[in-house]
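The residues making up each chain are set out below.
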Amino acid sequence: MHRAPTRFACRWPMRHGALCAVKLSACARWHPNKLQASHGPYTFNLSRAPAPCCHPLRGGMSLVKSKQRVADHGEVFTPAWMVEAMLDLVKDETERIDARFLEPACGSGNFIVPILKRKLAAVELKYGQSDFERQHYALLGLMCIYGIELLADNMAECRANVQGVIAEYLKLTESDDLYRAAMHVLSVNLVHGDALTMRAVGNMGDLNGQPITFAEWGYLGKGKFQRRDFRFDVLTGSSKYSEEGSLFADLGKHEIFTPIQTYPPMTVRELAANISTP
């Protein structure tokens, strides 16, 4: 989902070009046969792409929920064809199980869902012959996807959509430990908050909640996962500490970027215990 203004234009090489493409290709009537939208070295030929209004992201869904939401929040969803084209620019990373992705305006999961599907395809290819490894590496792939979303209804949809993908792939029911472990991971990795202020939404719905934290998950093997939590604002400031002439340039990153909390290794069952049984 696009939300402007944003500090995260560098997240995808075509961030602003994609936004222009959405506007320019809003309807097939609007663009001539050879209309193109460019951003840096990248170019979209819009005449070859399906117009979002005629081929919505999901069956019958528009790229906007309401004009008021566009006015209030700049909420414009990215069409599926554009999502796939952007992900293809970093294709190798999307197919690496432990590659980490952050979507700072994740909407209902327009990017997160296809990223997870690509990771699960890689899991199937590499670990499909072993149910144990397949399940644990599928969970690891999920653990390496992060999102922030300002609007509560979008966040609920995003978590449900992502949960549905992992449940369908592993054929899980709501009572399965792995299902509830995935639910716990999503409650940690998909944050209801504001990526600009880097703060979570408070209990009263205000935007002055606690600083956003993210968990760095890792798979230790033999069914054990590790977790370390870091503050988002500290992580995004990492470049400042490596600038030449910076006051902190001589400090090792280990001296600055230390986790705010480290957990003992956990099994799927221990992760699932964080979610009550339905």
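Read on for an overview of the structure. Keep in mind that this is a model prediction, so the values were computed, not measured.

**As for the overall build of the chain**
Point 1. If you tally the helices and strands in the chain, you get eleven helices and nine strands.
Point 2. Counting all 278 residues of the chain, 47% fall into the buried class.
Point 3. Look at the contacts in the chain between residues 6 or more apart in sequence, and 66% of them connect residues 24 or more apart.
Point 4. On the chain, roughly 14500 Å² of surface is accessible, and the fraction owed to carbon and sulfur atoms is 53%.

**What about the environment of Glu-103?**
Point 1. Its place among the elements puts Glu-103 in strand 3 (residues 101-103).
Point 2. For the pair Glu-103 and Ala-195, spaced 92 residues apart in the sequence, the C-alpha separation amounts to 9.4 Å.
Point 3. From its side chain, Glu-103 meets the backbone nitrogen of Ala-105 in a polar contact 3.0 Å long.

**Remarks on the pattern of salt bridges**
Point 1. Enumeration according to the criterion identifies eleven salt bridges in this entry.
Point 2. Between Arg-180 and Asp-177 there is a salt bridge, with the nearest N and O atoms lying 2.6 Å from each other. Taken together, the residues Arg-180 and Asp-177, both in helix 8 (residues 177-189) and three residues apart, mark about one turn of the helix.
Point 3. Residue classification places Arg-180 among the buried residues on the basis of a relative accessible area of 9%.
Point 4. Among the charged side chains, a network of salt bridges with common partners joins Glu-84, Asp-88 and Arg-118.

**Examining the packing of aromatic side chains**
Point 1. For the structure on display, the rule yields five aromatic pairs.
Point 2. Judged by centre distance (5.5 Å) and plane angle (80°), the ring pair of Phe-214 and Phe-232 falls under edge-to-face. Remark: Phe-232 occurs in helix 9 (residues 232-236) and Phe-214 occurs in strand 7 (residues 213-221); sequence separation between them is 18 residues. The same class applies to Phe-214 and to Phe-232, which are both buried.
Point 3. Considering the side-chain rings of Tyr-219 and Phe-225, the 4.9 Å spacing of their centres and the 40° angle between planes classify their relative orientation as tilted. Across the pair, exposure class does not vary: Tyr-219 and Phe-225 are buried alike.
Point 4. Members of the aromatic cluster, each reached through a chain of ring pairs, are Tyr-127, Tyr-137, Tyr-219 and Phe-225.
Point 5. The ring centre of Tyr-169 lies 4.4 Å from the NZ or CZ of Arg-134, which sits over that ring.

So, how was this worked out
- Residues numbered from 1 in each chain as written.
- Predicted model: local features only at pLDDT ≥ 70, side-chain atom pairs only at ≥ 80, totals over all residues.
- Heavy atoms only, no water.
- Helix = DSSP H or I, 4+ residues; strand = E, 2+ residues; numbered from the N terminus.
- Buried < 20%, exposed > 50% of the residue type's maximum accessible area, 1.4 Å probe, protein only.
- Contact = heavy atoms within 4.5 Å.
- Areas by Shrake-Rupley, 256 points an atom, 1.4 Å probe, with all protein chains shown as cover.
- Polar contact = N/O pair within 3.5 Å; in protein donor to acceptor, adjacent residues only side chain to side chain.
- Salt bridge = Lys/Arg side-chain N within 4 Å of Asp/Glu carboxyl O.
- Phe/Tyr/Trp six-rings, centres within 6.5 Å; stacked < 30°, edge-to-face > 60°.
- Lys NZ or Arg CZ within 6 Å of the ring centre and 35° of its normal.

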